[in-house]
Amino acid sequence: VLLLSADLVFTATMAVSVLSCCAHMFGWMVLTETPLNALSLIPLLLSVGLCIDYSMHIAHAFWVAAGDAQQRTVSALESRGPAVANGGASTGLSQLLLIFGRSLVFT
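Reading the values: rules and limits
- Residues numbered from 1 in each chain as written.
- Predicted model: local features only at pLDDT ≥ 70, side-chain atom pairs only at ≥ 80, totals over all residues.
- Heavy atoms only, no water.
- Helix = DSSP H or I, 4+ residues; strand = E, 2+ residues; numbered from the N terminus.
- Buried < 20%, exposed > 50% of the residue type's maximum accessible area, 1.4 Å probe, protein only.
- Contact = heavy atoms within 4.5 Å.
- Areas by Shrake-Rupley, 256 points an atom, 1.4 Å probe, with all protein chains shown as cover.
- Core = buried A, V, L, I, M, F, W, Y, C linked by side-chain atoms within 4.5 Å.
- Bend = angle between axes of the 7 residues up to and from the residue.
- pLDDT = per-residue confidence, 0-100.
- Phe/Tyr/Trp six-rings, centres within 6.5 Å; stacked < 30°, edge-to-face > 60°.
- Lys NZ or Arg CZ within 6 Å of the ring centre and 35° of its normal.

K.L.:
Help me understand the overall build of the chain in this model?
P.N.:
Scanning the chain from N- to C-terminus turns up 4 helices and 0 strands. Principal-axis analysis of the C-alpha atoms gives the chain an extent of 50 × 30 × 25 Å. Of all 107 residues assigned to the chain, the portion counted as buried reaches 19%. In the chain, the share of contacts with a sequence separation of at least 24, taken over all contacts with a separation of at least 6, comes to 48%. Total accessible area computed for the chain in this model is approximately 7,700 Å², and 73% of it derives from carbon and sulfur atoms.

Below is the structure:
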């Protein structure tokens, strides 16, 4: 992120966001006594990936937009919102296929 944005404050803000997501997921695993293994790693990677996809793209568009906060928000959602929504929809659709799978995880 630092190489592409060349902005230390933005990079630090996004790093805190990703680390917050990681801390939340690992904390939830501790609370639910979920062991860290290949099966529990999949939701961890998905959550961090989605955190990066959504927060970084929208935050970067907001960061580089001109105007006051309201104008920057509208600009960010107009420029990156559809791509982020498509990414979320495609992730959700890919998970629909798991409904038809037979696995000990789903029983």
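K.L.:
Just to check I follow, could you spell out the nonpolar core for this structure?
P.N.:
Generally speaking, a soluble globular protein has its nonpolar side chains buried in company with each other. Counting residues in hydrophobic clusters, the biggest one holds 11 residues: F10, M14, V18, C21, M25, M29, L44, V48, C51, M56 and A59. Counting only elements with at least two residues in this core, the list comes to helix 2 (8–31) and helix 3 (38–64). Ignoring anything within four residues of it in the chain, the contact list for C21 reads S47, V48 and C51.

K.L.:
Would you explain helix 4 (residues 69–96) in this entry?
P.N.:
Given 3.6 residues per turn, any residue in an α-helix points the same way as the ones three and four places further on. At R80, helix 4 shows its maximal bend, which comes to roughly 50°, and the proline P82 appears one to four places after that position. Of the positions making up helix 4, those classed as buried are A76, G81, V84 and G87. Of the surrounding elements, those touching the buried residues of helix 4 are helix 3.

K.L.:
Quick question: what am I supposed to make of the confidence of the model for the chain here?
P.N.:
Looking at the chain as a whole, the pLDDT averages 83, with 92% of positions reaching at least 70. Helix 4 holds the highest mean pLDDT among the elements of the chain, 88, whereas helix 1 (residues 2–5) holds the lowest, 61.

K.L.:
Looking at this structure, how should I read the packing of aromatic side chains?
P.N.:
Describing an aromatic ring pair means giving the distance of the ring centres and the angle of the ring planes. Scanning all chains against the criterion turns up 1 aromatic pair. A cation over an aromatic ring shows up here: R72 above the ring of F62, its NZ or CZ 4.3 Å from the ring centre.

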